[in-house]
Amino acid sequence: MKYILLISILFPPASFADENVYSLVIKEHRFQPVEIDVPSGKKVKLLVVNQDATAEEFESHSLNREKLIAGNSKATIYIGPLAPGRYTFEGEFNAKTAHGVIIAQ
Amino acid sequence: MLASAIIMFREVLEAALIIGILAAATRTVSGSRRWLAAGVLVGLIGSAIVAASTDVIGELANGIGQELFNAIVLGIAVLMLAWHNIWMSAHASALAADARALGSDIRDGRSECSALFLIVALAVLREGSESVLFLYGIAASAGSGQSAMLLGGIAGVVAGSVVGYGIYAGLLRLPVRWFFGATSVLVLLLAASMASQAAHYLIQADLLPGLASPLWDSSAILSEQSVAGKLLHTLMGYESHPAGMQLVFYAAALFVIGSGMFLANGKRRATLRAKTAA
């Protein structure tokens, strides 16, 4: 715990300019929008709003991210800086329907 | 049905492997079975509580509560695995053969058992809360395939447990002279893998820089979604897109715990030599 506090003092979360915040909505086990364009080489903040009553797990191996989002709640996911390219993500709990891609350019 | 079986298998596998390896490693420690069972039970109760408070935890610390929670849980598990392995290095010969030493070991054995209890409870807690949320989601959605998906989920739990039992039974078949070496290497790799995962959560929370991120992309050779990839991920921390910082944590854990084991082992040998000389 002390260690984590120490780390949080050493590396305060960077502040984000508005243009680097992107929102993503989960509704009826689908992501909206399905495609998000982000700038490459910059840290990006994803604001995910889960409008379904059930939880979802945002998962992307190519982005090296996974995060549980409770039903009817919001979550913040920091990604990047990314090299130009396509990064797919999915909702693990509803992998049939919940797909999306982040395009860094 | 298959989809839910695969998800539950993946969720259960990690905890099952950790329990299997530790159950084998502590099989000669008296009372360890009861502590292990208690750890599973407390972990299950805890995962229901964590699952129910996912939204509350998630909103703590400006939306990075979940990452902090996971990093802390993993951090404690790494410390406990380190303690376990160093304790084992110091007591390996006594546990294997020297029954006379048992009297003095019982008190130590108790603290070893509480480490075991905590590791198992935390492993079940972490993986269990995700499983609870997933299964609850199925149960809450009134669809036609609902019962088939629940059945699939249960099949996944059973399959994961079978693999955990498999590694336990396999380790017990090893000859005694390989046994301690094999289990302590497995526990050492588990600890390093958890240290790397803790770093992953701190990077995700933007509390740690990722350094080179990703350091490499081996998804074309071995995907993390495959069974082999998932097994290697759990057993030795394999990732297809790791951040450089994760490798730093991995190597640091290997080095620190490895040195501790080496020193504890050396001390034991010195004591044995002194005893023989006297």
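Below or above, wherever it landed, is the structure these notes cover. As a convention, each chain's residues are numbered from 1 in the sequence order in which they are written. Labels follow written order: the first chain is A, the first ligand is 1, and so on. The model is predicted, so local features are restricted to residues of pLDDT at least 70 and side-chain atom pairs to those at 80 or more, both for listing and for counting; the totals for chains, interfaces and linings are taken over all residues.

**Things to note about the nonpolar core**
Residue and element names in this part refer to chain B.
Argument step 1. Ile 119 and Ala 191 are the most contacted members of the largest nonpolar core, which totals 104 residues.
Argument step 2. What counts as a helix is a DSSP run of H or I of at least four residues, what counts as a strand is a run of E of at least two, and both are numbered from the N terminus. The leading source of residues in this core is helix 5 (residues 102-140), at 17 residues.
Argument step 3. Here, residues touch in the contact sense if the C-beta positions derived from the backbone fall within 7 Å of one another. When residues no more than four places from it in sequence are discounted, the contact partners of Ala 191 are Val 78, Leu 81, Ala 82, Ala 253 and Ile 257. For the purposes of this analysis, a nonpolar core is taken to be any set of buried Ala, Val, Leu, Ile, Met, Phe, Trp, Tyr and Cys residues that are connected through C-beta atoms within 7 Å. Exposed residues have 12 or fewer other C-beta atoms within 10 Å of their own C-beta, buried residues have 20 or more, and residues in between are partly exposed; the C-beta atoms are placed from the backbone.

**Structural notes on the interface of chain B and chain A**
Argument step 1. Listed per partner, the contact involves 32 residues of chain B and 28 residues of chain A.
Argument step 2. Looking at the side of chain B that touches chain A, the elements with two or more residues in it are helix 1 (2-25), helix 3 (54-63), helix 4 (65-96), helix 5 and helix 7 (176-204) of chain B.
Argument step 3. When residues are grouped by polarity, Ala, Val, Leu, Ile, Met, Phe, Trp, Tyr, Cys and Pro land in nonpolar, Asp, Glu, Lys and Arg in charged, and all others, Gly among them, in polar. Here the side of chain B that touches chain A is composed, by residue class, of 15 nonpolar, 13 polar and 4 charged.

**Digging into helix 3 of chain B**
Argument step 1. Among the residues making up helix 3 of chain B, those that are buried are Thr 54, Gly 58 and Gly 63 of chain B. The buried residues of helix 3 of chain B occupy one face: seen down the axis, they fall within an arc of 45°. Within this analysis, the arc is defined by the directions that extend from the helix axis to the C-beta atoms.

**Things to note about helix 7 of chain B**
Two residues of an α-helix separated by three or four positions point the same way, owing to the 3.6 residues in each turn.
Residue and element names in this part refer to chain B.
Argument step 1. Taking 1.5 Å per residue, 29 residues should reach 42 Å; helix 7 reaches 42 Å between its end C-alpha atoms and fits that length.
Argument step 2. Counting buried residues along helix 7, 22 of its 29 residues qualify, which places the element largely inside the surrounding structure.
Argument step 3. With its phi angle positive at about 65°, Asp 206 sits one or two positions after the end of helix 7. By definition here, a helix of n residues has an expected span of 1.5 Å times n minus one.

**Notes on the pairing of strand 6 (residues 65-69) of chain A**
Side-chain direction in a regular strand flips from residue to residue, so the side chains alternate between the two faces of the sheet.
Residue and element names in this part refer to chain A.
Argument step 1. Sheet topology places strand 5 (residues 56-60) next to strand 6; 5 bridges connect them, and they run antiparallel. If you follow Glu 56 over to strand 6, its bridge partner there is Ile 69.
Argument step 2. Turn length for the strand 5-strand 6 hairpin, with the two strands adjacent in sequence and antiparallel, is 4 residues, and the turn residue Asn 64 shows positive phi of about 60°. For two strands to be treated as a pair, DSSP must find no fewer than two bridges joining them.

**With respect to the sheet that holds strand 2 (residues 30-32) of chain A**
Residue and element names in this part refer to chain A.
Argument step 1. Strand order in this open sheet of 4 strands is 2-1-4-7, and the pairing throughout is mixed. One side of each edge strand has no neighbouring strand; the edge strands of this open sheet are strand 2 and strand 7 (73-79). Across this sheet, the average inter-strand angle for adjacent strands is 25°, counted without regard to direction. To get an axis, fit a line to the C-alpha atoms, keeping to the stretch in contact for a helix; angles then go from 0 to 180 degrees between the N-to-C directions.

**Focus: the pairing of strand 9 (residues 99-104) of chain A**
Residues and elements named next belong to chain A.
Argument step 1. Side-chain alternation along strand 9 places Gly 100, Ile 102 and Ala 104 on a buried face and His 99, Val 101 and Ile 103 on a face that remains uncovered.
Argument step 2. Relative to strand 9, strand 3 (residues 35-38) is paired through 4 bridges, and the arrangement is parallel. Opposite Val 38, over in strand 9, you have Ala 104 as the bridge partner.
Argument step 3. The pairing of strand 8 (residues 85-91) with strand 9 spans 6 bridges and is antiparallel. Opposite Thr 88, over in strand 9, you have Val 101 as the bridge partner.

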